[in-house]
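# Working through the structure, step by step
Spelled out, the chains give:
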Amino acid sequence: MSVSTAAADQTLCAPLPVLGRDVTVPLVTGGEVTYAALDYAASAPALQRVWDDVAAYAPYYGSVHRGAGYLSQLSTDLFESARRTVAEFLDCRGDDQVVFTRSTTDSLNLLAATLPADCQVFVFETEHHASLLPWKDAHVTYLNAPRTPQEAVTALERALAARTVSTEGGHGPALVCVTGASNVTGELWPVRELAAAAHAYGARIVLDAAQLAPHHPVSVRDLDVDWVAFSGHKLYAPFGSGVLAGRADWLREAEPYLAGGGASRKVTRRVDGGVDVEWHESAARHEAGSPNVIGAYSIASACKALTEAGFDTLVAREEQLIGAVRAGLAEVPEVRVLSLFGDDAPRVGVISFVVEGWNSSHFAAALSAEYGIGVRDGLFCAHPLLRTLLGSDPQTQGECGAPEAAPGEKSLNAIRVSFGAGTPDEHVERFVRAVKELVRDGAKWNYRTEDGRCVPAV
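Because the structure is a prediction, the values reported are computed rather than measured.

## Quick notes on empty space enclosed by the protein
This model, assessed by the stated rule, comprises 2 cavities of 30 Å³ or more. Taken together, 12 residues make up the lining of the largest cavity; nearest its centre are L314, V315, E318, G420 and A421. Residues that form the lining of the largest cavity fall into these classes: 8 nonpolar, 2 polar and 2 charged. A volume near 40 Å³ is recorded for the second largest cavity. If you go around the second largest cavity, the residues you meet are Y40, A41, A44, Q211, P214, H215, K234, Y236 and F419. Considered class by class, the residues forming the lining of the second largest cavity number 6 nonpolar, 2 polar and 1 charged.

## Brief notes about helix α2 (residues 70-89)
Between the first and last C-alpha of α2 there are 28 Å, a value that for 20 residues agrees with the 28 Å anticipated at 1.5 Å per step. Residues of α2 that are buried make contact with α1 (48-57), β4 (97-101), β9 (227-231), β10 (242-246), α9 (293-309) and α10 (311-330). Among the residues trailing α2, D91 stands out with phi positive, at a value near 55°.

## Let's talk about the side chain of S361
Structurally, S361 is set in helix α11 (residues 360-371). Within the structure, S361 has its side chain in polar contact with the side chain of N413 (distance 3.0 Å).

## Concerning the state of the cysteines
The full count for this structure, using the stated rule, is 0 disulfides. Free cysteine C177: the closest other cysteine sulfur is in C119, separated by 11 Å.

## A closer look at unusual backbone geometry
With the exception of glycine, most residues fall at negative phi, and the peptide bonds are largely trans. With phi around 65°, D118 is a residue other than glycine that occupies positive phi space. Mapped onto the elements, D118 comes out in the loop between α3 (104-113) and β5 (120-124). For C381, which is not glycine, the phi torsion reads 55° and is therefore positive. Following the sequence through the fold, C381 ends up in the loop between β16 (376-378) and α12 (383-390).

## Notes on the environment of Y447
For Y447, the location among the structural elements is in strand β18 (residues 447-450). Side-chain polar atoms of Y447 contact the side chain of E370, separated by 2.6 Å.

## Side note on a nonpolar patch on the surface
Taken together, Y60, Y70 and L71 make up a surface patch of nonpolar side chains, about 300 Å² in accessible area. Mapped onto the elements of the fold, L71 is located in helix α2.

## Describing the sheet that holds β5
Within a beta sheet, neighbouring strands are joined by backbone hydrogen bonds and run either parallel or antiparallel to one another. Strand order in the open sheet formed by 7 strands is β4-β10-β9-β8-β7-β5-β6, and the pairing between neighbours is mixed. Two strands in the sheet have a free side with no partner beyond their single neighbour: β4 and β6 (139-143). Here the average twist between neighbouring strands, direction ignored, is 20°. Bridge analysis of β5 against strand β7 (residues 174-179) gives 4 bridges, and the strand direction is parallel. Residue pairing across strands places Q120 opposite A174, the latter belonging to β7.

## A few points about the packing of aromatic side chains
Inspection of every chain in the model, using the stated rule, returns 12 aromatic pairs. Measuring from centroid to centroid gives 5.5 Å for Y57 and Y297, while their planes differ by 70°, and the two rings are edge-to-face. Of this pair, Y57 sits in helix α1 while Y297 is found in helix α9, placing the two residues 240 residues apart along the sequence. The burial state of Y57 is the same as that of Y297; both residues are buried. Taken together, the ring pairs in this structure connect F353, W358, F363 and F431 into an aromatic cluster.

## Quick look at the pairing of strand β19 (residues 453-456)
One ladder, built from 4 bridges, connects β18 with β19; its direction is antiparallel. Residue R448 lies in a different strand from β19, and its bridge partner there is V455. Between β18 and β19, which pair antiparallel in sequence order, lie 2 residues; one of them, D451, sits at a positive phi of approximately 50°.

## Digging into the sheet that holds β16
Sheet architecture is open: 4 strands sit in the order β13-β14-β17-β16, paired in antiparallel fashion. Each edge of the open sheet is held by one strand with a lone partner, namely β13 (335-337) and β16. Mean inter-strand twist for the sheet, computed between neighbouring axes without regard to direction, equals 30°. One ladder, built from 3 bridges, connects β13 with strand β14 (residues 350-355); its direction is antiparallel. Each residue of the ladder has a partner; that of R336, found in β14, is V354.

## Quick notes on the pairing of β14
Counted residue by residue, β14 has 6 buried out of 6 residues, so it is predominantly covered. Side chains V350, S352 and V354 of β14 all project onto a buried face; the interleaved residues I351, F353 and V355 project onto the opposite face, where all are buried too.

Quick notes on the rules
Residues numbered from 1 in each chain as written. Predicted model: local features only at pLDDT ≥ 70, side-chain atom pairs only at ≥ 80, totals over all residues. Heavy atoms only, no water. 1 Å grid on protein atoms, 1.4 Å probe; cavity = no way out; pocket = protein on both sides within 12 Å on 5 of 7 lines; lining within 4 Å. Points joined across faces, edges and corners; volume = space filled by probe spheres on them. Nonpolar A, V, L, I, M, F, W, Y, C, P; charged D, E, K, R; others polar. Helix = DSSP H or I, 4+ residues; strand = E, 2+ residues; numbered from the N terminus. Expected span 1.5 Å × (residues − 1). Contact = heavy atoms within 4.5 Å. Polar contact = N/O pair within 3.5 Å; in protein donor to acceptor, adjacent residues only side chain to side chain. Disulfide = S-S within 2.5 Å. Patch = residues over 30% accessible without salt bridge, like charges linked within 9 Å, V, L, I, M, F, W, Y side chains within 5 Å. Areas by Shrake-Rupley, 256 points an atom, 1.4 Å probe, with all protein chains shown as cover. Salt bridge = Lys/Arg side-chain N within 4 Å of Asp/Glu carboxyl O. Pairing = 2+ DSSP bridges. Axes fitted to C-alpha atoms, helices over the stretch in contact; angles between N-to-C directions. Phe/Tyr/Trp six-rings, centres within 6.5 Å; stacked < 30°, edge-to-face > 60°. Buried < 20%, exposed > 50% of the residue type's maximum accessible area, 1.4 Å probe, protein only.

Shown next as structure tokens:
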């Protein structure tokens, strides 16, 4: 079964067509301008291809699995076909499972719920909170921020070599969690080398690919990771869905992440009045309830669109945008770009920086109100990493403080600009020009703090 759509005949180009590319926003200084969405690292706009595919399917939407009606069967076919598309996109192994979740956060919390008893978890402090925090029920070793990729591998090897012996003797199960690309610096991590180190010491590894998958191809086989997690809303498919893909054994042996219909194969009453449940061993085991069919279908559509566009082409163009931004910021002495691995480290289109004499919230507000540019300011759900990168900076004052800043941390925040396959050259050019003008001339408007945010004063 299939749903026809004109989007399949669309000629893909760079930048890829995305929703919102023609939206205009008002400026406090008067007039309107086309909105420059440069906050892809938080949520990327939907690809036009994804939107068209979803719109074509929407009239045929039905409940999946076990339905006798045509629309239910069609929806089931699309849902399971989406699972296969994602497996191909990730180059999964033949016996890997693809579980649809709500997000990267949900995926990693699901995996955390499947950890065997006495499992030890190793995670760098540089992780996004989605991959830093779910392991609360395990014995966790937090590793310090490395300053080179090799230092990351060495630190992991030392930590794994020193891990504690289980009560039965020998080393019990262990899991390493690592990001593929930092949501703060955009830097690529040595995933293949970290996976080799983990496996050499009998540990497994899960890759947080939330920031990597939209920018670079991710191969489970080539990277030799045990699991990979990512979110649709960062992959140009913002319909509330995510993926956990990888080895089936821990998923199959664990209690369902959620108990309910769809996860259960058979439910019977016992003579004592209780209930016996036989759970599915497939991905359905952890997909209880009515699944997000549109979310799964949109992820599959985005996977196809990116594959058809060609990652070689997408990466080459993004590197040009990265080069333009970094060259422009380098011309402003007051700007300091944040980095763990140094200027020459490969990265995706995510760049964070601070500006001398400016609070980052104030600077980001001025970019939005006076230039129609949407960036992000704050700690980017990676608080330990930002504190490492900014801890030695002096306290600077601005007209607005950091949102929800703790006492003594008024300036502990940064500005993040992020972009991708749908970003026009003009958005990057306008951003660089705006940074230079704000540093040289100052803001044209007055700003104040309201409900923890820096906003234009009325």
